[in-house]
Amino acid sequence: MSTSFDPASTATQLATSYTQNAYKLLSTQSTAAQTTSSALSKLRTALTTFESALSSLSSSKGVKTLAASFDNTAYASATATSKAATGAYSFFVEQVATKHQTSFAALPDVSAAGAGSLALTIGGSNFGVDLSSADSDGDGKVTASEIARAINASSANDGRIVASVMSVNGQNRLVLTAAETGAAGAITLDASGVSDGALSGALSAEKLLVQGRDAVLWLGEQGSGVKIQQASNSFTGITGVTVNLTKAMASGDKPVTLNVGDDAAATADNVKSFINAYNTLESLLDVMTANATSSGTAAGSFASDSGVLALKSRLGNLLRQSVGGVRLADYGVSIARDGQMSLDQTKLEAGLKAKPEGLATLFGSARTGATSGVLGSLAELARSWKSADGQIASRMASVDRTQKSIAKRQEALDQRYESLYQIYLKQFTKLQELQNSMSNASSLFGSLATTS
């Protein structure tokens, strides 16, 4: 009798045959769970990217962009927000604001012990600096650099005076500069409290570098217009506009003109940014919800998912809403049958002329707590899906539970496989032993028959 079979191989084949369908089912379920988890992560990333794009369009300038520019940029520049008051404004820049800056003759190194103190005044308030404690390196001397450091480090100074040391012709000069522009930033230094005569003398030899001055600006012509005097070179008297003065004009010059109006090109770029952000999300949702085709293209991860299909539909409906009596179509934005948007810039410019304030109202804001318009509606929908208690988090938790359940079933099935394998191995090992015994007996009988 032949022993042509291997107990281990036979046990493996039978245990595998008994469990293979269950293994295939678990493998299919595990793959589906992993695919769903990956798709949910991709959707969450896409919604986060989309929301970020909406938020960036909700900045202070907004979707509708206004431009502020001078007809002569040598004397001032300007920026505008979406809330700027449009129009033309005449300005004469009589004087720009400056920071007070003064310097002192070459300062000698002096003994720290009993060095005395300095008294400084700026903006009507004063503070003192103890020179005896200014020796930062502990060598017993106080240098110009250590005096500057002590002035800057004084809590009473609070950054109002910036002290530095400048080398001029090989000698160190102490330079004091006001942190802010304006006449109120004038600096005075009193060295009467300094003990060393040489240092006191050097600190008394002041050289004014720049006189602190206020900016003087005329709305209209110099002398006959409205005079504006302020410490800063930044003028914000026009709603939504910031004017930055850079250079004084000569007496008798004609005023420069500031024009504030729509920036059609920049506005179109903002609308295109919105369209591109939406189209990217829409394209992803198209792939995720696509049905299988006869040509063999597999169905998308959410082809039959009512929730994701509802999200896709809701996004499209929000684009078609009316806000303040206007729609995206009024500003040249159209939506094709495939859900993709496009912009007709000519229609956008026509819409801005017909309803100049409508675009800002239509788009609104995506800022959390202050949402409005199309941007706000889309942002709230995106947040509702990707929030901690939103759809994606809920679905991810469900997938996680499914994966844990599959893992437990896999473990149980592995144990079942091992149990079956051991049973079959034991049975076929005994059968092999029986076959071997019978084969040996047959050989013995054959030998006896031959000898007889």
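Residues numbered from 1 in each chain as written. Predicted model: local features only at pLDDT ≥ 70, side-chain atom pairs only at ≥ 80, totals over all residues. Heavy atoms only, no water.

As annotated in an unreviewed UniProt entry, the protein chain carries the name Flagellar hook-associated protein 2 and is attributed to Rubrivivax gelatinosus. What UniProt records for the protein chain under Function (unreviewed entry) is the sentence "Required for morphogenesis and for the elongation of the flagellar filament by facilitating polymerization of the flagellin monomers at the tip of growing filament. Forms a capping structure, which prevents flagellin subunits (transported through the central channel of the flagellum) from leaking out without polymerization at the distal end." (UniProt positions renumbered as here; feature names shortened; annotations may be inferred.)

A few words now on the overall build of the protein chain. Across its full length, the protein chain holds nine helices and 19 strands. Against the compact-globule benchmark of 22 Å for 452 residues, the protein chain has a radius of gyration of 42 Å, which places it well outside the compact range. Taken along the three principal axes of its C-alpha coordinates, the protein chain extends 140 × 75 × 35 Å. For the protein chain, the proportion of its 452 residues judged to be buried stands at 37%. Within the protein chain, residue pairs in contact and separated by at least 24 positions form 69% of the contacts whose partners lie at least 6 positions apart. Summed over its atoms, the accessible surface of the protein chain is roughly 23,500 Å², and 50% of this surface lies on carbon and sulfur atoms. Taking the average location of the 36 positive side-chain charges in the protein chain and that of its 36 negative ones, the two points are 11 Å from each other. (Helix = DSSP H or I, 4+ residues; strand = E, 2+ residues; numbered from the N terminus. Rg over C-alpha atoms; globule rule 2.2 N^0.38 Å. Buried < 20%, exposed > 50% of the residue type's maximum accessible area, 1.4 Å probe, protein only. Contact = heavy atoms within 4.5 Å. Areas by Shrake-Rupley, 256 points an atom, 1.4 Å probe, with all protein chains shown as cover. Lys, Arg positive; Asp, Glu negative; His and termini not counted. Charge placed at Lys NZ, Arg CZ, Asp CG, Glu CD.)

One pass over the full model with this rule turns up eight salt bridges. The salt bridge involving Asp262 is made with Lys64; its shortest N-O contact spans 3.5 Å. Here Asp262 is found in strand E17 (residues 256-262), whereas its partner Lys64 is found in the loop between helix H1 (7-56) and strand E1 (66-70), with 198 residues between them in sequence. The network of salt bridges with common partners includes Glu51, Arg383 and Lys386. (Salt bridge = Lys/Arg side-chain N within 4 Å of Asp/Glu carboxyl O.)

Quick look at the domain arrangement of the protein chain now. Here the domain parsing of the protein chain yields domain 1 (8-62 + 265-291 + 300-392), domain 2 (66-96 + 215-262) and domain 3 (99-210). In this structure, domain 2 and domain 3 have C-alpha centres spaced 37 Å apart. (Domains from an automatic or database assignment.)

If you look at the biggest cluster of nonpolar residues, it comprises 49 residues, and the most contacted ones within it are Phe274 and Leu378. Taken together, the elements giving at least two residues each to this core come down to H1, helix H4 (264-288), helix H5 (306-319), helix H6 (345-354), helix H7 (358-363), helix H8 (373-386) and helix H9 (391-451). Top element by residues in this core is H4. It accounts for ten residues. For Phe274, the contacting residues outside a window of four places in its chain are Leu54, Leu57, Leu319, Leu328, Met341, Phe363, Val374, Leu375 and Leu378. Judged by nonpolar contacts, the second largest core, of 30 residues, contains Ala115, Leu118, Ala134 and Ile187. (Core = buried A, V, L, I, M, F, W, Y, C linked by side-chain atoms within 4.5 Å.)

A full pass over the atoms with the stated rule returns four aromatic pairs. Between Phe50 and Tyr278 the ring centres are 6.2 Å apart and the planes differ by 65°, which places this aromatic pair in the edge-to-face class. Residue Phe50 is found in helix H1, and its partner Tyr278 is found in helix H4; the two are separated by 228 residues along the sequence. Comparing Phe50 with Tyr278, the two get one shared label, buried. One aromatic cluster in this structure is built from Phe70, Phe91 and Phe235. (Phe/Tyr/Trp six-rings, centres within 6.5 Å; stacked < 30°, edge-to-face > 60°.)

Strand order in the open sheet formed by three strands is E2-E16-E15, with antiparallel pairing between adjacent strands. At either margin of the open sheet sits one strand with a lone partner, and together these are strand E2 (76-80) and strand E15 (234-235). Relative to strand E16 (residues 241-245), E15 runs antiparallel, the two sharing two bridges. Residue Phe235 lies in a different strand from E16, and its bridge partner there is Val243. (Pairing = 2+ DSSP bridges.)

Moving on, we get to the UniProt feature "domain: Flagellar hook-associated protein 2 C-terminal" (unreviewed entry) in the protein chain. When the UniProt feature table is mapped to this numbering, "domain: Flagellar hook-associated protein 2 C-terminal" (unreviewed entry) covers residues 225-439. For the annotated span residues 225-439, helix accounts for 55% and strand for 12% of the residues, and the straight-line distance between the end C-alpha atoms is 126 Å.

What follows concerns the sheet that holds strand E6 (residues 117-122). An order of E7-E6-E11 is seen for the three strands of this open sheet, with the pairing classed as antiparallel. Two strands close off the open sheet at either side, each with one partner strand: strand E7 (125-130) and strand E11 (187-190). Averaged over all adjacent pairs, the angle separating strand axes in this sheet is 20°, with direction ignored. In the sheet, E6 pairs with E7 via six bridges, with the strands oriented antiparallel. (Axes fitted to C-alpha atoms, helices over the stretch in contact; angles between N-to-C directions.)

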